[in-house]
Amino acid sequence: MKKLIIGIFALSLLVACKEQKNVEEDMPAVNDEQVQEMAYLDYGAKITDKDVIDAMELRTIYDGMTVGDTTSVKVKGMIADVCVKKGCWIKLPVGDQAATVKFKDYSFFLPKNGKGKEVILSGKAYKNITPVEELRHYAEDAGKSKEEIAAITEEEVTLSFVADGALVEKFDNPDVEEAANTEE
């Protein structure tokens, strides 16, 4: 009787192992592309790619703001434009407009050749009034013609963002200007 119980137990173990093997064989193979996460280049304060909102959600936040309002946020989007002189500002599309992103205390810059790359920014979003001189300066940094710069004659209410940290989609040969040394 004891041998019969041990035999049944051994047989059930063999059947269970065989069924487990079949389940594993039936599972699709996972290749490296499916589990590979986005690699980023780090700038400024250390941040992660977790708990971010999409740039379209940021647009909704801006819509509820008035000049002078500020909110802390971590946002993901694409770099639409970048300062070609230093990388000291970028434009982040938020709906049908773009937010001008600067970097806290001028302590870091993003790649001058980063246009079209994914970016995650951590910092403060706000609306402000940008004077004509500053708008012209941005136009000059963006490589606009003298005629386009001269056509800027009125201040604007702008969507702004000051980032304390950034992650940029990793790519070969990022062109980054050295940031100014700032004493704290």
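Residues numbered from 1 in each chain as written. Predicted model: local features only at pLDDT ≥ 70, side-chain atom pairs only at ≥ 80, totals over all residues. Heavy atoms only, no water.

Asks: I'm lost on helix H3 (residues 55-63) in this one. Help?
Replies: Residues that lie three or four places apart on an α-helix share one face, since the helix turns once every 3.6 residues. Of the positions making up H3, those classed as buried are Ala55, Leu58, Arg59 and Tyr62. For H3, the angular spread of buried residues about the axis comes to 110 degrees, placing them on one side. Exposed residues pointing more than 90 degrees away from the buried face of H3 are listed as Thr60 and Asp63. Residues of H3 that are buried sit in contact with strand E2 (53-54), strand E3 (70-78), strand E5 (89-94), strand E6 (97-103), strand E7 (118-130) and strand E8 (156-169). At the N-terminal end of H3, a side-chain oxygen is found 2.9 Å from the backbone nitrogen of Met56, two or three residues along, and the residue is Asp54. (Buried < 20%, exposed > 50% of the residue type's maximum accessible area, 1.4 Å probe, protein only. Helix = DSSP H or I, 4+ residues; strand = E, 2+ residues; numbered from the N terminus. Arc of directions from axis to C-beta. Contact = heavy atoms within 4.5 Å. Polar contact = N/O pair within 3.5 Å; in protein donor to acceptor, adjacent residues only side chain to side chain.)

Asks: What is the right way to look at the packing of aromatic side chains in this model?
Replies: A full pass over the atoms with the stated rule returns 3 aromatic pairs. Ring centres 5.8 Å apart and planes at 65 degrees place the aromatic pair Trp89 and Tyr138 in the edge-to-face group. Here Tyr138 lies in helix H4 (residues 132-141) and Trp89 lies in strand E5, a separation of 49 residues in the sequence. According to the relative accessible area criterion, Trp89 is buried, its value standing at 3%. (Phe/Tyr/Trp six-rings, centres within 6.5 Å; stacked < 30°, edge-to-face > 60°.)

Asks: For this particular structure, what's the right way to read the nonpolar core?
Replies: Where a protein is soluble and globular, its nonpolar side chains tend to be buried together. If you look at the biggest cluster of nonpolar residues, it comprises 28 residues, and the most contacted ones within it are Leu58, Tyr62, Ile90, Leu110, Leu121 and Phe161. Looking at this core, the elements with two or more residues in it are strand E1 (40-44), H3, E3, E5, E6, E7 and E8. Per-element accounting of this core gives the leading share, 5 residues, to E8. When sequence neighbours within four positions are dropped, the list of residues in contact with Tyr62 reads Val94, Ala99, Ala125, Tyr126, Lys127, Leu159, Ser160 and Phe161. (Core = buried A, V, L, I, M, F, W, Y, C linked by side-chain atoms within 4.5 Å.)

Asks: What exactly am I supposed to notice about the pattern of salt bridges here?
Replies: Any two side chains of opposite charge can pair, so long as their charged atoms come close to each other. Scanning the model with the defined rule gives 9 salt bridges in all. Its salt-bridge partner being Lys85, residue Glu140 comes within 3.4 Å of it at the nearest N-O pair. On the criterion of sequence distance, the pair formed by Glu140 in helix H4 and Lys85 in the loop between strand E4 (81-82) and E5 is long-range, its members being 55 residues apart. A relative accessible area of 43% places Glu140 in the partly exposed class. For Asp141, the salt bridge is made with Lys85, and the minimal N-O distance between the two is 4.0 Å. Pair noted here: Asp141 is in helix H4 and Lys85 is in the loop between E4 and E5, with a separation of 56 residues, a long-range link. (Salt bridge = Lys/Arg side-chain N within 4 Å of Asp/Glu carboxyl O.)

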